[in-house]
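# Coordinate inspection notes
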Amino acid sequence: MEGKGIDGKLLLLEKSDEISSDEISHLAIDIGGSLIKIVYFSTNSKCSTKDEAPALSKERQEVPNGDLNYHILSGRLYFVKFETSKIEDCIKVLASKKLQQCGAQCRHSHAVDKIKIKATGGGAFKFADLFKEKLGITLDKVEEMESLVAGANFLLKAVNREAFTYIGGQKEYVQIDQNDLYPYLLVNIGSGVSMIKVDGEGKFQRVSGTSVGGGTFLGLGKLLTKCKSFDELLELSHQGNSRVIDMLVGDICGGMDYTKIGLASTAIASSFGKAISENKELEDYKPEDIARSLLRMISNNIGQIAYLNALRFGLKRIILGGYFIRDHAYTMDTIAVAVDFWSKGEAKAMFLRHEGFLGALGAFMSYKDENADLMPLQLVEQQPPKSSSCIVDRIHNSTCVHENETGAVDCRLRVSSSFKIYDEVKRC
Ligand SMILES: Nc1ncnc2c1ncn2[C@@H]1O[C@H](COP(=O)(O)OP(=O)(O)OP(=O)(O)O)[C@@H](O)[C@H]1O
Ligand SMILES: CC(C)(CO)[C@@H](O)C(=O)NCCC(=O)O
């Protein structure tokens, strides 16, 4: 079981089997074409240090609010992912943790077949029967674009140091004024890419998309380089040089800039263009150069389409999400430079720390939209990430614990007295 940390590290749950069922109260799932993303709220953490303990207490406060009383549960939101092709592993972990017994709607239903969890992504339809059959869980579907927008809005409004620009290799965190958040263009780079004009809470329109996305990078990359995983391909791209295969303006113009149309000699004139004339076989190219050109081609293309859509609607802010980005410097740099170049500095690309979890977070947030009697849940507070959480980095199958990074978000859930999550969890 892996989760997301800052800097593209994978985080969390060093020994996932130690998480017992009474520690997880709410869980939402996003089942995409490449990855399954899970967000869950836990009132405890095996990774916590002494310093963090107070923030993770199972505090319950009565907060009068009109006719209703609310409990405040302190804890953390955790972010976990699986490959969609290994959905059976995901199901096994969920089964082992008896998460189905902590589903948000177990209150009225001790019968296993009445348990529901919020689910989004195409897989919420595709795998609905599998979840029912193996776990007895009904996937309560939340529309994918709606979830992406709700997740992005939540992160932008409620989580400190969430959004940042990436310019010249430097991250600059931006706290966006909530009154000045809309409109923006949300570009979610998953297997494919969705571009959504966001005008407010629940006010949005999917204005464009492209099938050339993260799935294309990974799919073509596997075919062309024999890499087995995304991490391997990304790692390889670090060492490559795209000039070996890409045809540059200078290659065409005898080393000169094409000043009249504003193209420097070093600009790419044609991605992979050198391969047409060199009479070489695939094996003659280094896999790292191929990986680099591929990453650049796809990132550039997305940056350009994003810019064109921003231009179409007069949007100045482009927020990028999706697991493809993975906090990867070269990817972010290429997209940011493409947006800056094409917009002549008018539009800004912004990235998110929890970029891969927009859909899952949005689905999680949708619990609050339920009938108040069933599930009046709201995230009411968030503290900046603590400095010392456990992060488990499983890249290349090596497991090591990183200090001082975390993708988990401390928060408090407000739940009505009529929905006693903690008691429920124990009783279920
Ligand atoms: N460990 C990984 N395994 C597979 N893909 C990864 C991994 N890490 C990052 N990626 C990239 O992230 C992409 C998937 O991103 P994401 O999870 O946001 O989309 P998805 O929900 O699976 O796709 P879609 O929304 O199009 O159905 C992959 O196509 C790949 O490029
Ligand atoms: C089909 C979805 C929405 C599934 O998440 C995504 O993969 C996507 O936006 N693909 C791009 C499809 C297109 O607009 O051409």
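Residues numbered from 1 in each chain as written. Chains lettered and ligands numbered in written order. Predicted model: local features only at pLDDT ≥ 70, side-chain atom pairs only at ≥ 80, totals over all residues. Heavy atoms only, no water.

The protein chain appears in an unreviewed UniProt entry as pantothenate kinase from Anisodus tanguticus. Under the heading Catalytic activity (unreviewed entry), UniProt records this for the protein chain: "(R)-pantothenate + ATP = (R)-4'-phosphopantothenate + ADP + H(+)". According to UniProt, the comment filed for the protein chain under the heading Sequence similarities (unreviewed entry) is "Belongs to the type II pantothenate kinase family." (UniProt positions renumbered as here; feature names shortened; annotations may be inferred.)

## Description of the packing of helix α5 (residues 214–225) against helix α6 (residues 230–239)
In contact at an axis separation of 10 Å, α5 and α6 are set at 75° when each is read in the N-to-C sense. Judged by the angle between their axes, α5 and α6 are roughly perpendicular. In this structure, α5 contributes Phe217, Leu218, Gly221 and Thr225 to the contact, and α6 contributes Phe230, Leu233, Leu234 and Leu236. (Axes fitted to C-alpha atoms, helices over the stretch in contact; angles between N-to-C directions. Helix = DSSP H or I, 4+ residues; strand = E, 2+ residues; numbered from the N terminus. Parallel < 35°, antiparallel > 145°, perpendicular 65-115°, else oblique. Contact = heavy atoms within 4.5 Å.)

## Let's talk about the site of ligand 2
Taken together, Glu144, Met145, Gly192, Val193, Ser194, Arg206, Gly209, Thr210 and Ser211 make up the full set of residues adjacent to ligand 2. The separation between an oxygen atom of ligand 2 and a polar side-chain atom of Glu144 is 2.5 Å. One of the side-chain nitrogen or oxygen atoms of Arg206 is found 2.8 Å away from an oxygen atom of ligand 2. Surface burial for ligand 2 is 56%, taken as the share of its 390 Å² of free accessible area covered by protein chains. The set of elements that each furnish at least two residues to the shell around ligand 2 consists of α4 (144–158), β12 (193–200) and β13 (203–210). Split by residue class, the shell around ligand 2 holds two nonpolar, five polar and two charged. (Near = heavy atom within 4 Å. Polar contact = N/O pair within 3.5 Å; in protein donor to acceptor, adjacent residues only side chain to side chain. Areas by Shrake-Rupley, 256 points an atom, 1.4 Å probe, with all protein chains shown as cover. Nonpolar A, V, L, I, M, F, W, Y, C, P; charged D, E, K, R; others polar.)

## Quick word on the side chain of Asn309
Along the chain, Asn309 falls in helix α8 (residues 287–313). Within polar-contact distance, the side chain of Asn309 engages the side chain of Arg312 at 2.8 Å.

## Section: the site of ligand 1
Taken together, 19 residues are adjacent to ligand 1, and Ser34, Lys37, Ser191, Gly214 and Arg326 come closest. Contacts to ligand 1 include Lys37, whose side-chain N or O atom sits 2.7 Å from an oxygen atom. Taking Tyr323, its main chain carries an N or O atom lying 2.9 Å from an oxygen atom of ligand 1. For ligand 1, whose accessible area on its own is 640 Å², the fraction buried by protein is 90%. Those elements giving two or more residues to the shell around ligand 1 turn out to be β4 (35–42) and α5. Residues of the shell around ligand 1, tallied by class, amount to six nonpolar, nine polar and four charged.

## Let's talk about the packing of aromatic side chains
Applying the stated criterion across every chain yields a total of 11 aromatic pairs. Aromatic pair Phe217 and Phe230: ring centres 5.7 Å apart, planes at 80°, arrangement edge-to-face. Of this pair, Phe217 sits in helix α5 while Phe230 sits in helix α6, and the two are 13 residues apart along the sequence. The same class applies to Phe217 as to Phe230, namely buried. Here the aromatic residues Phe79, Tyr323 and Phe357 are joined through ring pairs into a cluster of three or more. In this arrangement the basic side chain of Arg161 is found over the ring face of Tyr173, its NZ or CZ atom lying 4.2 Å from the centre. Note that Arg292 overlies the ring of Tyr330, its terminal NZ or CZ placed 3.5 Å from the centroid. (Phe/Tyr/Trp six-rings, centres within 6.5 Å; stacked < 30°, edge-to-face > 60°. Buried < 20%, exposed > 50% of the residue type's maximum accessible area, 1.4 Å probe, protein only. Lys NZ or Arg CZ within 6 Å of the ring centre and 35° of its normal.)

## Some details on the nonpolar core
Core analysis: the largest hydrophobic core is formed by 39 residues, its most contacted members being Val187 and Phe351. With nine residues, α8 is the single largest residue contributor to this core. The residues contacting Val187, other than those within four sequence positions of it, are Val193, Ser194, Met195, Ile302, Ala306, Ile318, Ile319, Leu320 and Gly321. Grouped together as the second largest cluster of nonpolar side chains are 33 residues, Phe154, Leu358, Ala363 and Phe364 included. (Core = buried A, V, L, I, M, F, W, Y, C linked by side-chain atoms within 4.5 Å.)

## Describing a nonpolar patch on the surface
Judged by side-chain polarity, Val337, Phe341 and Trp342 come together as a nonpolar surface patch covering roughly 280 Å² of accessible area. Counting through the fold element by element, Phe341 comes out in helix α9 (residues 329–343). Judged by relative accessible area, Phe341 falls into the partly exposed class, the value being 43%. (Patch = residues over 30% accessible without salt bridge, like charges linked within 9 Å, V, L, I, M, F, W, Y side chains within 5 Å. Salt bridge = Lys/Arg side-chain N within 4 Å of Asp/Glu carboxyl O.)

## Considering the layout of surface pockets
Estimated volume of the second largest pocket: approximately 520 Å³. Around the second largest pocket, the lining is made up of 19 residues, and of these Ala267, Ile268, Arg296, Asn300 and Trp342 lie nearest the centre. Looking at the lining of the second largest pocket, the elements that each hand over two or more residues are α8 and α9. With seven residues, the top contributor of residues to the lining of the second largest pocket is α9. When its residues are assigned to classes, the lining of the second largest pocket shows 11 nonpolar, six polar and two charged. (1 Å grid on protein atoms, 1.4 Å probe; cavity = no way out; pocket = protein on both sides within 12 Å on 5 of 7 lines; lining within 4 Å. Points joined across faces, edges and corners; volume = space filled by probe spheres on them.)

## Here's the deal with the pattern of salt bridges
Between side chains of opposite charge, a pair can form when the charged atoms approach closely. Applying the stated criterion across every chain yields a total of 12 salt bridges. For the salt bridge of Glu201 with Lys157, the shortest nitrogen-to-oxygen distance reads 2.7 Å. Of the two residues, Glu201 is situated in the loop between β12 and β13 and Lys157 in helix α4; the sequence distance between them amounts to 44 residues. With relative accessibility at 49%, the residue Glu201 sits in the partly exposed group. Taking the shortest distance from any N to any O, the salt bridge between Glu346 and Lys316 comes out at 3.7 Å. Taken together, the residues Glu346 in the loop between α9 and β17 (348–352) and Lys316 in the loop between α8 and β16 (317–321) connect sequence positions 30 residues apart.

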